[in-house]
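For reference, the chains in residue letters:
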Amino acid sequence: MVYAALDIHKKVFQAAVLDAESGELVQERLPASREALNDWATRWQGKLEAVALEATTGWRWVWRELSARGFEVRLCDPGQARALLGSKRRPKTDRLDAAWLARLLAKEMLPTCWLPPADIQYLRDRTRLRRALAQDRMRFAQRLHALLTHEGWPCSRGRLLSVAGQRWARSLALPPAARANVEAMFALIAVLDEQLAVIDAELRQRARSDRRLQALCTIFGVGPVLAAHILAELGEAGRFRRARQAVRVAGLDPVVSESADTRRRGKLSKQGSPELRWALVEAAHHACQRRSPDHSLYLAGKDRSGSKPAALTVARKIARRAYHVLAELEQAA
């Protein structure tokens, strides 16, 4: 049985093909282009059991090209694959990396990543773009807030994102350079608002027909937009064995150090999707409302350690709820 691995870089690919029975290893260096990849795939088509790729920048189009040709492509977690080498310092080259991936694949030890289906991947692209646009919008509001403070007109950052606040800022007596900067930043914020409105309308329209989004919207604090963020990052509940794994995917689980009878819990691991973590925490902030089913849990956590840890506790609970909601839908289908 013959296995292959591709070590992907922006300009070059390192291909390793391993014959598991004889141990023969063939290495080849390719330009990072569709022509070179298709030429390599043509020569090995029908001869390989599977091809391993690292989940690094550029994996998606390589996976798409190879899958279209009938190859079984397995996406690998780079951090876990590196950890299997051990903590001892070893030489690191593209040839060694590609050969290591091929050997892990041949031994069925390759730490694989979940490949989302096309609809989840599309939703993930849209929600992550929305999150990036919202962050850019807030950055420009922060710059505008700092500029007005320097000019002696302090105000809240949130006010500058409202129509009334923008009207107030435009009416101020500012030097010509500051006035030009204010108008430029307002123009950029307007463009970002327009694109955010387009994506929000698309997500709300999608929520009207998608049963998974409708089910997630039944969770207190989760609306159509947040539901789209949560679904895009969680994907299929069937890929998890238990609800706590949804918490782990969000990076909301605390770091645990255990030895014999000693057990210490530290800060959040944050080893997961930052977009999912953000969406769950946003939903958890609604627990401060009296009608929230988690209001008592939030108040208890707030009295014990403050509002932020309390929101994180509620966010973990919402992650488990989201898992169960999606799992019930998948079992009923």
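Coordinates for the structure precede this section.
Predicted, not measured: the structure shown is a model, and the values here were computed from it.

**Some words on the sheet that holds strand β1 (residues 2-8)**
Step number 1: Here five strands make up an open sheet; going across it, the order is β3-β2-β1-β4-β5 and the pairing mixed. Looking along the sheet, the strands with just one partner apiece sit at the ends: β3 (25-31) and β5 (73-76). On average, adjacent strands in this sheet sit at an angle of 20° to one another, irrespective of strand direction.
Step number 2: Two strands pair when backbone bridges link them, and strand β4 (residues 50-54) and β5 are joined in this way by four bridges, in the parallel orientation. Bridging from a neighbouring strand, V51 pairs with V73 of β5.
Step number 3: Taken strand by strand, helix α1 (residues 34-44) contacts β1, β2 (12-19) and β3, and its axis lies near 155° from that of β3.
Step number 4: Sheet contacts for helix α2 (residues 59-68): β1, β2, β4 and β5; angle to β4, the most-contacted strand, approximately 170°.

**Examining the packing of helix α11 (residues 274-284) against helix α13 (residues 307-332)**
Step number 1: Here α11 crosses α13 at 110°, and the two axes come no closer than 8 Å. The angle between α11 and α13 places the two elements in the roughly perpendicular class. For the crossing formed where α11 meets α13, the hand is right-handed. From α11, L280, V281, A283 and A284 reach across to α13, where they touch A311, L312, V314, A315, I318 and A319.
Step number 2: Among the residues making up the contact of α11 with α13, the classes are represented as 10 nonpolar, no polar and no charged.

**Brief notes about the packing of aromatic side chains**
Step number 1: Per the stated rule, a full pass over the model turns up four aromatic pairs.
Step number 2: Residues F13 and W61 carry aromatic rings whose centres are separated by 5.9 Å and whose planes lie at 35° to one another, so their mutual orientation is tilted. Placement of the pair is F13 in strand β2 and W61 in helix α2, with a sequence separation of 48 residues.
Step number 3: The buried category is assigned to F13, whose relative accessible area is 1%.
Step number 4: Given the relative accessible area of 19%, W61 is considered buried.
Step number 5: Here the aromatic rings of F240 and Y323 are separated by 6.4 Å at their centres, their planes lie at 65°, and the arrangement is edge-to-face. Of this pair, F240 sits in the loop between α9 (224-234) and α10 (244-249) while Y323 sits in helix α13, and the two are 83 residues apart along the sequence. In this structure, F240 and Y323 share a single accessibility class: buried.
Step number 6: The ring of W44 has K47 sitting right over it, with the charged end atom 5.9 Å from the ring centre.

**A few points about the pattern of salt bridges**
Step number 1: The full count for this structure, using the stated rule, is 19 salt bridges.
Step number 2: For D136, the salt bridge identified is with R139, shortest N-O distance 2.7 Å. Of this pair, D136 and R139 both sit in helix α5 (residues 118-150), separated by three residues, roughly a single helical turn.
Step number 3: The class of D136 is partly exposed, set by a relative accessible area of 31%.
Step number 4: For R139, a relative accessible area of 43% puts it in the partly exposed group.
Step number 5: In this structure, a network of salt bridges that share partners links the residues E28, D39 and R43.

**A look at unusual backbone geometry**
Step number 1: You will see that E108, though not glycine, has its phi angle at about 60°, which is positive.
Step number 2: You can see E108 is positioned in the loop between α4 (94-106) and α5.
Step number 3: Assessed through its relative accessible area of 55%, E108 is described here as exposed.
Step number 4: Not every positive phi belongs to a glycine, and K270 is a case in point at roughly 55°.
Step number 5: By the element assignment, K270 lies in the loop between β7 (262-268) and α11.

**Topic: α11**
Since one α-helical turn is 3.6 residues long, residues separated by three or four positions face the same way.
Step number 1: Among the 11 residues in α11, nine count as buried, and that is most of the element.
Step number 2: Taken residue by residue, α11 has E275, L276, R277, W278, A279, L280, V281, A283 and A284 as its buried positions.
Step number 3: On its buried face, α11 is in contact with α5, α9, α10 and α13.

**Remarks on the pairing of strand β6 (residues 254-259)**
Step number 1: Where β6 and β7 come together, five bridges link them in antiparallel fashion. Pairing of V256 across the sheet is with R265, part of β7.
Step number 2: Once β6 ends, the chain turns through two residues before running back antiparallel as β7, passing A260 with a positive phi of about 55°.

About the cut-offs
- Residues numbered from 1 in each chain as written.
- Predicted model: local features only at pLDDT ≥ 70, side-chain atom pairs only at ≥ 80, totals over all residues.
- Heavy atoms only, no water.
- Pairing = 2+ DSSP bridges.
- Helix = DSSP H or I, 4+ residues; strand = E, 2+ residues; numbered from the N terminus.
- Axes fitted to C-alpha atoms, helices over the stretch in contact; angles between N-to-C directions.
- Contact = heavy atoms within 4.5 Å.
- Parallel < 35°, antiparallel > 145°, perpendicular 65-115°, else oblique.
- Left-handed = near helix turned anticlockwise from the far one by under 90°.
- Nonpolar A, V, L, I, M, F, W, Y, C, P; charged D, E, K, R; others polar.
- Phe/Tyr/Trp six-rings, centres within 6.5 Å; stacked < 30°, edge-to-face > 60°.
- Buried < 20%, exposed > 50% of the residue type's maximum accessible area, 1.4 Å probe, protein only.
- Lys NZ or Arg CZ within 6 Å of the ring centre and 35° of its normal.
- Salt bridge = Lys/Arg side-chain N within 4 Å of Asp/Glu carboxyl O.

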